Amino acid sequence: MFLTRFRVNTARPGARRLLSSPQVMHAAVMSSFPTLLPSTPQTGDPRVLWRLDHTPHAEVMLYLVSPHRPDLTHLVEQAGWPAVAEPAAPGWESRPYAPFLDRLTVGGQWAFRLTANPVHHIRRKDDEPTKRTAHLTPVHQMGWLLKRQEPCGFSILQKPDDRRLLPHGTTHTQQPHHGDRYELTVHDKRNLAFDKTRTTAPTGRKPPVSLVTVTFDGRLEVTDPDLLRRTLTQGLGKAKAYGCGLLTLAPLPRQATP
């Protein structure tokens, strides 16, 4: 497994085209693996996952987790800085992921980020089939992730009582908002709609894909390293081909010494 980071040059027309459609970006990402067959990964196998992060400095970073080392030369040419790329620094960073995965142990605590497509299935009438529907509010989006903690091998940390923000008149015995109770925030909600295939034949045109994506930031504790490794290499939730499902971990910032 490999973890790769690529900085997108948003000033270039090629970058704007890639960023405008998850379908186009997905095709570009998969083109980074010449020997990878364009088939659906088997259940239990590591897969290619990707995510776009928008930094506070107006930068866009592409992160990849993949079973094979990618070659992003075509992305550098379309959406990077080809004039400054060198053989030793080709325009992206790619590192083996296994050493980090092997370090995960029960009780380890990490900061995390996840962009996901939180959905549930509803049935409006008894005689109708269930329909996949997006969660639209932060409370339900956080609830979606909290329900997946145990099977994914982690537990989101809870805030100490003195850090919980309780509305006036609320007591600790009442159910708090998820964001007040847990070390968890949800932001960067995006409503995406794009064509899955490009075709000029009217009869062959498929309906556009619609997605609601959000980004979660928080802190977690490892409860089952094997399950968490599976989550990190196979993804979490739906729409993995479109930039969702990639969970990444980072060391927690050190507390200042009094």
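Residues numbered from 1 in each chain as written. Predicted model: local features only at pLDDT ≥ 70, side-chain atom pairs only at ≥ 80, totals over all residues. Heavy atoms only, no water.

Asker: Mind showing me how you'd approach the pairing of strand 5 (residues 109-116) here?
Answerer: Looking along a regular strand, one sees side chains alternate from face to face of the sheet. The sheet contact formed by strand 5 and strand 10 (residues 209-222) spans 8 bridges and is antiparallel. Pairing of leucine 114 across the sheet is with phenylalanine 216, part of strand 10. Here 4 bridges tie strand 5 to strand 11 (residues 247-250), and the two strands are oriented antiparallel to one another. Within the sheet, the bridge partner assigned to alanine 111 lies in strand 11 and is alanine 250. (Pairing = 2+ DSSP bridges. Helix = DSSP H or I, 4+ residues; strand = E, 2+ residues; numbered from the N terminus.)

Asker: For this particular structure, what's the right way to read helix 2 (residues 22-30)?
Answerer: Among all positions of helix 2, only Pro22, Val24, Met25, His26, Ala28 and Val29 are buried. Elements that come into contact with the buried residues of helix 2 comprise helix 1 (13-19), strand 2 (49-54), strand 3 (60-66), helix 3 (73-79) and strand 9 (184-194). (Buried < 20%, exposed > 50% of the residue type's maximum accessible area, 1.4 Å probe, protein only. Contact = heavy atoms within 4.5 Å.)

Asker: Help me understand the environment of alanine 27 in this model?
Answerer: Relative to the assigned elements, alanine 27 resides in helix 2. For the pair alanine 27 and alanine 241, spaced 214 residues apart in the sequence, the C-alpha separation amounts to 9.2 Å.

Asker: Is there a simple way to think about the pattern of salt bridges in this case?
Answerer: Side chains carrying opposite charge are able to pair once their charged atoms draw close together. This structure, assessed with the given rule, holds 8 salt bridges. Salt-bridge contacts for arginine 5 lead to glutamate 93; the nearest nitrogen and oxygen are separated by 2.4 Å. Taken together, the residues arginine 5 in strand 1 (residues 2-8) and glutamate 93 in strand 4 (residues 92-96) connect sequence positions 88 residues apart. The partner of arginine 113 in a salt bridge is aspartate 217, with the nearest N and O atoms 2.7 Å apart. (Salt bridge = Lys/Arg side-chain N within 4 Å of Asp/Glu carboxyl O.)

Asker: Explain the packing of aromatic side chains here, please?
Answerer: Each aromatic ring pair is characterised by the separation of its centres together with the angle its planes make. A complete count under the given rule lists 4 aromatic pairs for this structure. The interplanar angle of 75° and the centroid separation of 5.1 Å between the aromatic rings of phenylalanine 100 and tryptophan 110 together place this pair among those described as edge-to-face. Taken as a pair, phenylalanine 100 in helix 4 (residues 98-102) and tryptophan 110 in strand 5 lie far apart in primary sequence, 10 residues in all. Residue tryptophan 110 is classed as buried on the basis of its relative accessible area, which comes to 11%. Ring centres 6.4 Å apart and planes at 35° place the aromatic pair phenylalanine 112 and phenylalanine 154 in the tilted group. Within this pair, whereas phenylalanine 112 is found in strand 5, its partner phenylalanine 154 is found in strand 8 (residues 154-156), the two being separated by 42 residues in sequence. A relative accessible area of 5% means that phenylalanine 112 is categorised as buried. (Phe/Tyr/Trp six-rings, centres within 6.5 Å; stacked < 30°, edge-to-face > 60°.)

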